[in-house]
Amino acid sequence: MRFGIIGAGSIGSIISKKLVKNGHDVKIADARGIERLEGKELAGTPVRVEDAIKNIEVLIISLPMEAMSSIRNIIDQVEEEVIIVDTSNYYPFRDGKIEEIENGMVESVWVSNQLGRPIIKAFNNLLAHTLENEGTPEGTSGRIAIAIAGNDLSQKQVIMDVVNELGFDAVDSGSLSDSWRQQSGTPAYCTELTKDELTNALEKANKEKASLLRDKVIERFAEEKEVEFSHKDVVNLNREIYNS
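These numbers were taken from a predicted model, which means no experiment stands behind them.

About the cut-offs
- Residues numbered from 1 in each chain as written.
- Predicted model: local features only at pLDDT ≥ 70, side-chain atom pairs only at ≥ 80, totals over all residues.
- Heavy atoms only, no water.
- Helix = DSSP H or I, 4+ residues; strand = E, 2+ residues; numbered from the N terminus.
- Rg over C-alpha atoms; globule rule 2.2 N^0.38 Å.
- Buried < 20%, exposed > 50% of the residue type's maximum accessible area, 1.4 Å probe, protein only.
- Contact = heavy atoms within 4.5 Å.
- Areas by Shrake-Rupley, 256 points an atom, 1.4 Å probe, with all protein chains shown as cover.
- Lys, Arg positive; Asp, Glu negative; His and termini not counted.
- Charge placed at Lys NZ, Arg CZ, Asp CG, Glu CD.
- Core = buried A, V, L, I, M, F, W, Y, C linked by side-chain atoms within 4.5 Å.
- Pairing = 2+ DSSP bridges.
- Salt bridge = Lys/Arg side-chain N within 4 Å of Asp/Glu carboxyl O.

A few words on the overall build of the chain. Within the chain, the secondary structure is distributed over 11 helices and 8 strands. By the compact-globule yardstick of 18 Å for 244 residues, the chain fits well, its C-alpha radius of gyration being 17 Å. Of all 244 residues assigned to the chain, the portion counted as buried reaches 51%. Across the chain, the fraction of contacts at a sequence separation of at least 24, relative to all contacts at a separation of at least 6, is 68%. Surface exposure of the chain reaches about 11400 Å², of which carbon and sulfur atoms provide 46%. With 28 positive and 41 negative side-chain charges, the chain shows a separation of 1 Å between the mean positions of the two kinds.

The following block contains the structure:
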């Protein structure tokens, strides 16, 4: 398949590497300019953001929330049949407070509104280390799962197949309006769950508590900033707090 990726941070670059390893054609861009990619070790072809959207089947957007509006003019030029995937997560301390989200709008619904296009939500409920290192072949016992939300069932199935190919089970988490169930602060978020465990976690998510639990995790890291958390420590902390 032919992919474009806008965003060459940890998640975007890891997805690019895994796609290229699996034989896909990948172009990767930085929304701030191609010069930002100089000196970076990247899989895929570094391109200008305007070129990342050309002759592709899937466009993966891996940007901070605050940057979404800056690419609206680019997204307006994306062919209608292209599947657009959002990997973002909202953190007010990093993104600034977004009033609509603070007032209850689902994060990816807000992103879709900013971009002016329907989107699929995926790749947001795994830590970068998990995405890069913990993928396993289909059928492996204890295989970690990724949640995928969206309104177009055929587009969602394409992304679920990609997720499976990259080493993870895929769980249909519902419509885009249901994607809050895989946002930060929920039991499904960065807790390395199997397909059955993730399905249960999505069901027991609590929208009212999510932002409070998200902030509680951030506070815990801030309180213990002298402590060097291992990857497993982070997963366990997420499990402890997001299930409370």
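In this structure, Leu19, Val85, Phe123, Leu131, Ile148 and Ile159 are the most contacted members of the largest nonpolar core, which totals 29 residues. Of all the elements in the fold, those that place two or more residues in this core are strand S1 (2-6), helix H1 (10-21), strand S2 (25-29), strand S4 (58-61), strand S5 (83-86), strand S7 (145-148) and helix H8 (153-165). Among residues more than four places away in sequence, those in contact with leucine 19 are Phe3, Ile5, His24, Val26, Ile60, Val162 and Leu166. In this structure, Ile53, Met65, Tyr90 and Ile101 belong to the second largest nonpolar core, which totals 27 residues.

It is worth spelling out the sheet that holds strand S3 (residues 45-46) at this point. The 6 strands are arranged S3-S2-S1-S4-S5-S6 in an open sheet whose pairing can be described as parallel. Whereas interior strands pair on both sides, the edge strands pair on one side only; in this sheet they are S3 and strand S6 (120-121). Here S5 runs beside S6; their pairing, made up of 2 bridges, is parallel. When the bridges of S6 are listed, aspartate 86 appears paired with lysine 121.

Where charged atoms from two side chains of opposite charge approach closely, those side chains can pair. Using the criterion set out here, one finds 15 salt bridges in the structure. The salt bridge partner of aspartate 86 is lysine 121, with a shortest N-O separation of 3.3 Å. On the criterion of sequence distance, the pair formed by aspartate 86 in strand S5 and lysine 121 in strand S6 is long-range, its members being 35 residues apart. The exposure class assigned to aspartate 86 is buried, which follows from its relative accessible area of 1%. The partner of arginine 94 in a salt bridge is aspartate 95, with the nearest N and O atoms 3.1 Å apart. For aspartate 95, a relative accessible area of 8% translates into the label buried.

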